[in-house]
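Next come the chains, spelled out residue by residue.
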Amino acid sequence: MKKHFDITIAQLDDMKHAVGFRIDRIQDGKYNAFRNFFAMNEEQASWEDLVNRGLATKRKLFNETVYHVSDEGLLLLSNVLSIEIIKPEA
């Protein structure tokens, strides 16, 4: 995994929001992500930075830009939160 020392707290919070993270849903050191998306009306600079770093992906859906935390982003979140994040079913 690449080093990502300069990711902002706001970016980490957005990534947590994308996977629906809630501390009360951690069981046995694991968090079962029930979603993985963050939809916006327009592109967001902080998410575009995550995409450029390989920590997120994006797609256009109707009139929205939809961001998803990538596998590398999930690994980073897992390391930061000291838990295992289980990806949602596709």
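Details of the structure are given in the entry above.
Q: It is not clear to me how helix H3 (residues 71–81) should be interpreted in this structure. Could you clarify?
A: Every α-helix carries 3.6 residues per turn, so stepping three or four residues along brings you back to the same face. Among all positions in H3, only Gly73, Leu74, Leu76, Leu77 and Ser78 are buried. Buried-residue contacts for H3 involve helix H1 (9–18), strand S4 (64–69) and strand S5 (84–86). One or two residues past the end of H3 sits Ser82, with phi positive at roughly 55°.

Q: Which parts of the structure should I look at to understand the pairing of strand S3 (residues 56–61)?
A: Every regular strand shows the same layout, with side chains that alternate between the two sheet faces. Bridge count between S3 and S4: 6 bridges; the pairing is antiparallel. From the neighbouring strand, Lys58 faces S4, where its bridge partner is Tyr67. Hairpin remark: S3 followed by S4, antiparallel, with 2 residues in the connecting loop; positive phi at Phe62, about 60°.

Q: Mind showing me how you'd approach the packing of H1 against helix H2 (residues 45–52) here?
A: Packed helices, taken two at a time, are described by the angle between their axes plus the distance between the axes. Between H1 and H2, whose axes approach to 10 Å, the crossing angle comes to 85°. Classified by the angle between their axes, H1 and H2 sit roughly perpendicular to one another. Along the contact surface, H1 presents Gln11, Asp14, Met15 and Ala18, while H2 presents Ser46, Trp47, Asp49 and Leu50. Its residues assigned to classes, the contact of H1 with H2 comprises 4 nonpolar, 2 polar and 2 charged.

Q: Would you mind showing me how to read the nonpolar core here?
A: A general trend in soluble globular proteins is that nonpolar side chains are found buried together. If you look at the biggest cluster of nonpolar residues, it comprises 20 residues, and the most contacted ones within it are Met15, Val19, Tyr31, Trp47, Leu50, Val69 and Ile85. Breaking this core down by element, the ones donating at least two residues are H1, H2, S4 and H3. If we ignore the near neighbours within four places in the chain, the residues touching Leu50 are Ile7, Gln11, Met15, Leu55 and Ala56.

Q: Explanation requested: the pattern of salt bridges in the structure shown.
A: Using the criterion set out here, one finds 7 salt bridges in the structure. Between Lys58 and Glu43 there is a salt bridge, with the nearest N and O atoms lying 2.5 Å from each other. Taken together, the positions of Lys58 in strand S3 and Glu43 in the loop between strand S2 (38–40) and H2 put the pair 15 residues apart, joining distant regions of the chain. For Lys58, a relative accessible area of 34% gives the class partly exposed. With a relative accessible area of 40%, Glu43 lands in the partly exposed category. Among the ionic pairs, Lys87 bridges to Asp71, the shortest N-O distance being 3.0 Å. Within this pair, whereas Lys87 is found in the segment after S5, its partner Asp71 is found in helix H3, the two being separated by 16 residues in sequence. On the basis of relative accessible area, Lys87 is assigned to the partly exposed category, the value being 46%. Judged by relative accessible area, Asp71 falls into the exposed class, the value being 52%. Bridged by salt links that share partners, the residues Asp6, Asp49 and Arg53 form one connected network.

Thresholds applied
- Residues numbered from 1 in each chain as written.
- Predicted model: local features only at pLDDT ≥ 70, side-chain atom pairs only at ≥ 80, totals over all residues.
- Heavy atoms only, no water.
- Buried < 20%, exposed > 50% of the residue type's maximum accessible area, 1.4 Å probe, protein only.
- Helix = DSSP H or I, 4+ residues; strand = E, 2+ residues; numbered from the N terminus.
- Contact = heavy atoms within 4.5 Å.
- Pairing = 2+ DSSP bridges.
- Axes fitted to C-alpha atoms, helices over the stretch in contact; angles between N-to-C directions.
- Parallel < 35°, antiparallel > 145°, perpendicular 65-115°, else oblique.
- Nonpolar A, V, L, I, M, F, W, Y, C, P; charged D, E, K, R; others polar.
- Core = buried A, V, L, I, M, F, W, Y, C linked by side-chain atoms within 4.5 Å.
- Salt bridge = Lys/Arg side-chain N within 4 Å of Asp/Glu carboxyl O.

The values reported here are purely geometric and, on their own, carry no functional implication.
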